[in-house]
Amino acid sequence: MARRPMNPRDAAEAAFKSATTKPAARVAEAPRVPGVKESVTLRLDADVLEKFQEDGPGWQDRINAALRQAAGLD
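Treat the numbers as computed from the prediction; the structure is a model and nothing was measured.

Undergrad: Describe the pattern of salt bridges, with residues and values.
TA: Under the counting rule described, the total for this entry stands at five salt bridges. Aspartate 74 is the salt-bridge partner of arginine 68, the closest N and O atoms lying 3.3 Å from each other. Residue classification places aspartate 74 among the exposed positions, given a relative accessible area of 67%.

Undergrad: Give me the layout of surface pockets: which residues, what numbers.
TA: Of the pockets and cavities examined, the largest pocket occupies roughly 660 Å³. Lining the largest pocket are 18 residues, with Lys37, Glu38, Val40, Gln60 and Asn64 positioned closest to its centre. The greatest single-element share of the lining of the largest pocket, amounting to seven residues, is contributed by helix α3 (residues 59-70). Residues that form the lining of the largest pocket fall into these classes: nine nonpolar, five polar and four charged.

Undergrad: Tell me what's going on with the packing of helix α2 (residues 46-53) against α3, and back it up with residues and numbers.
TA: Packed helix pairs are characterised by how far apart their axes lie and by the angle those axes make with each other. The contact between α2 and α3 brings their axes to 8 Å, and the two run at 115 degrees. Overall, the two elements α2 and α3 adopt an arrangement that is roughly perpendicular. In the crossing of α2 with α3, the sense of the turn from one axis to the other is right-handed. Contact residues: α2 offers Leu49, Phe52 and Gln53, while α3 offers Trp59, Arg62, Ile63 and Ala66. Taken together, the residues of the contact of α2 with α3 sort by class into five nonpolar, one polar and one charged.

Undergrad: Lay out a nonpolar patch on the surface with the relevant residues and their values.
TA: On the surface, a cluster of nonpolar side chains totalling about 440 Å² of accessible area is made up of Val40, Leu42, Leu44, Val48 and Leu67. Looking at the element boundaries, leucine 44 is found in the loop between α1 (8-20) and α2. Classification of leucine 44 as partly exposed rests on a relative accessible area of 35%.

Undergrad: Kindly report on α3, identifying the contributing residues and their values.
TA: Across its 12 residues, α3 extends 16 Å between first and last C-alpha, which sits within 8% of the 16 Å expected from 1.5 Å per residue. Looking one or two residues beyond α3, the residue adopting positive phi is glycine 72, at roughly 75 degrees.

Reading the values: the criteria
Residues numbered from 1 in each chain as written. Predicted model: local features only at pLDDT ≥ 70, side-chain atom pairs only at ≥ 80, totals over all residues. Heavy atoms only, no water. Salt bridge = Lys/Arg side-chain N within 4 Å of Asp/Glu carboxyl O. Buried < 20%, exposed > 50% of the residue type's maximum accessible area, 1.4 Å probe, protein only. 1 Å grid on protein atoms, 1.4 Å probe; cavity = no way out; pocket = protein on both sides within 12 Å on 5 of 7 lines; lining within 4 Å. Points joined across faces, edges and corners; volume = space filled by probe spheres on them. Helix = DSSP H or I, 4+ residues; strand = E, 2+ residues; numbered from the N terminus. Nonpolar A, V, L, I, M, F, W, Y, C, P; charged D, E, K, R; others polar. Axes fitted to C-alpha atoms, helices over the stretch in contact; angles between N-to-C directions. Parallel < 35°, antiparallel > 145°, perpendicular 65-115°, else oblique. Left-handed = near helix turned anticlockwise from the far one by under 90°. Contact = heavy atoms within 4.5 Å. Patch = residues over 30% accessible without salt bridge, like charges linked within 9 Å, V, L, I, M, F, W, Y side chains within 5 Å. Areas by Shrake-Rupley, 256 points an atom, 1.4 Å probe, with all protein chains shown as cover. Expected span 1.5 Å × (residues − 1).

So, in structure tokens, the structure goes:
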């Protein structure tokens with residue numbers, strides 16, 4: 001068995017290559033499209049959820065409208 005299992009020149013070239021290789025460029029985020037909604041998970045107090053659901057379907061839109069108003073977007 002050889003004393004050096006790896007060729008020193010190959011080892012040096014591999015070390016140099018890994019030290020001088022540029023990192024991969026970051027992928028740019030896709031631009032946001034106005035009016036498109038995203039699916040999220042949101043934890044709400046039970047009484048808050050019940051209040052928005054008591055008027056029936058459309059409760060998610062009502063929560064969205066309330067959040068937009070609270071955030072000063074409308």
